[in-house]
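A look at the structure
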Amino acid sequence: MIEIRNLSVTYSRITGKDRNAAADAVKDVSLAIEKGRLFALAGESGSGKSTVLMAIPGLLPRGTKISGQILLDGKDLLSMTEDELNRIRWRRIALVPQGAMNSFTPVITVGRHVEEVLSVHLGLSKKEAAERIPSLFALAGLDGALASRYPHELSGGQKQRAAIALALACEPGYLLCDEPTTALDVITQQGIITTLKRLSDEKGVGILLVSHDLPLAASAASKLYIMKDGALVEEGDPRTIAAHPRNPHTKALVNALLELEEEPS
Ligand SMILES: Nc1ncnc2c1ncn2[C@@H]1O[C@H](COP(=O)(O)OP(=O)(O)OP(=O)(O)O)[C@@H](O)[C@H]1O
Ligand SMILES: [Mg+2]
C-alpha cells in the first residue's frame, strides 16, 4: 500500500522577479492507495493534484521543499536515494503523466516506445519485448496491430491508451494517472475509465486517478479525495460525500452526482 502522511509541498520559484516567492502547493495531505482499488483525486485547476501525484515517485523539481512521509509498504520514498527510486519507478509504481498522450516521440512507433521501456527497465531483448506487446496493448484496451504505427497515426483516445500500455509495461503494482481522459469525448472517456477499473478489479493494480472532472472521478472511484487550495477537503465513498458533504466547495460535486444518478441507465 502507498500511504501519504501529512505531505506538504512548497515550490521554490527561481526565475524572474518571483525569485524569492514560494508557493505552498500542497498542505498537510494524507491519503492511501491500496492494491486492487481505484482511488480518485479530484479538485479544481491548481488545487495541487498533480503535485501530490508527482511527489509519489519523487518527480518534483529539485529545490522543492517537501515534508511528511510517502510510505510504500512501510518504506519512506521521500528518504530514498535516486538509485533506490529508480528501482521502484516503472516496476512498482508507474505514472501516466498529465498530457502523456502528447509526449510520444514523433519519429518512433508506439510499439518501439514500449520496447525501449522493457529494454531499459527489465533488460529484455527487442524480440522478447515485442512478444509482450500484444498482451500489454490488450490490457490497455488497444489492438496490438497499432504497435507499428507512429504516434500521429493514432486517435487521441488510442494515444491515451498507448500511454497507459507504456506505464503498464513493467507490471507495476500501482498506477498513477494524471487526467487520462482530458480532451477526449465522453464515450472515449468512459471507455478509458472502464479499462482502468478493470485493471484494478482483475489485475489487482492500485490506481490513483487524478481528474478535475468531479462526476467522472466520482463515478469511477471506490474512494474519492477532493482537494482545494492545496488541502484535502473531502475523502470517502463518493455517495457518502454526496449525501453529507463536509465542505461547501463540495456542493457543486453533490449537484453533479445527483444529476448523474437521475440519468436513466
Ligand atoms: N514547477 C512548479 N513551480 C512552481 N509552482 C508550481 C509548479 N508546478 C505547479 N505549481 C503550482 O502549484 C499549484 C498546484 O499545481 P498543480 O499542478 O499540482 O495543480 P493541479 O490540481 O494538478 O491543476 P490542474 O487541474 O490544472 O492540472 C499551482 O498554484 C501551480 O501554479
Ligand atoms: Mg494537474
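See the structure printed just above.
Owing to the predicted nature of the structure, the values given are computational and were not obtained by experimental measurement. (Residues numbered from 1 in each chain as written. Chains lettered and ligands numbered in written order. Predicted model: local features only at pLDDT ≥ 70, side-chain atom pairs only at ≥ 80, totals over all residues. Heavy atoms only, no water.)

The next thing to look at is the coordination of the magnesium ion (ligand 2). Looking at the magnesium ion (ligand 2), one finds its protein donor set to be S50 (OG) and Q98 (OE1), positioned 2.0 to 2.3 Å from the metal centre. Within this pair, whereas S50 is found in helix 1 (residues 49–55), its partner Q98 is found in the loop between strand 6 (93–96) and helix 3 (110–122), the two being separated by 48 residues in sequence. The partly exposed category is assigned to S50, whose relative accessible area is 23%. (Donors = N, O, S within 2.8 Å, 3.2 Å for Na, K, Ca; no water. Helix = DSSP H or I, 4+ residues; strand = E, 2+ residues; numbered from the N terminus. Buried < 20%, exposed > 50% of the residue type's maximum accessible area, 1.4 Å probe, protein only.)

As a further point, take helix 4 (residues 126–139). The end-to-end C-alpha distance of helix 4, which contains 14 residues, comes to 20 Å, matching closely the 20 Å that a straight helix rising 1.5 Å per residue would cover. The sharpest bend along helix 4 reaches about 35° and sits at I133, with the proline P134 one to four residues further on. A129, I133, L136 and F137 are the residues of helix 4 that are buried. Those residues of helix 4 that are buried lie in contact with helix 3 and helix 5 (156–168). Once helix 4 finishes, G141 follows within two positions and takes phi at roughly 75°, a positive value. (Expected span 1.5 Å × (residues − 1). Bend = angle between axes of the 7 residues up to and from the residue. Contact = heavy atoms within 4.5 Å.)

Okay, the pattern of salt bridges next. If charged atoms from side chains of opposite charge come close, those side chains can pair. In this structure the tally under the stated criterion is 11 salt bridges. Put simply, E3 and R5 hold a salt bridge, and the shortest N to O gap is 3.3 Å. The closest approach of N and O atoms between K228 and E44, which form a salt bridge, is 3.3 Å. Within this pair, whereas K228 is found in strand 9 (residues 223–228), its partner E44 is found in the loop between strand 3 (38–43) and helix 1, the two being separated by 184 residues in sequence. Judged by relative accessible area, which is 26%, K228 ranks as partly exposed. (Salt bridge = Lys/Arg side-chain N within 4 Å of Asp/Glu carboxyl O.)

Of all six residues in strand 3, six are buried; the element is thus mostly enclosed. Pairing between strand 3 and strand 8 (residues 206–211): five bridges, direction parallel. Residue pairing in the sheet places L41 in a bridge with V210 of strand 8. Bridge count between strand 3 and strand 9: five bridges; the pairing is parallel. When the sheet's bridge partners are listed, A40 is paired in strand 9 with L224. (Pairing = 2+ DSSP bridges.)

Next up on the list: the nonpolar core. The biggest cluster of nonpolar side chains holds 51 residues, and the ones touching the most others in it are V96, V114, F137, I164, L175, L196 and L224. Considering each element in turn, this core owes the most residues, seven residues, to helix 5. Aside from chain neighbours lying at most four places away, what touches F137 is V110, V114, L142, D143, G144, L146, A147 and A165. L41, V52, M80 and Y174 belong to the second largest nonpolar core, which has 31 residues in total. (Core = buried A, V, L, I, M, F, W, Y, C linked by side-chain atoms within 4.5 Å.)

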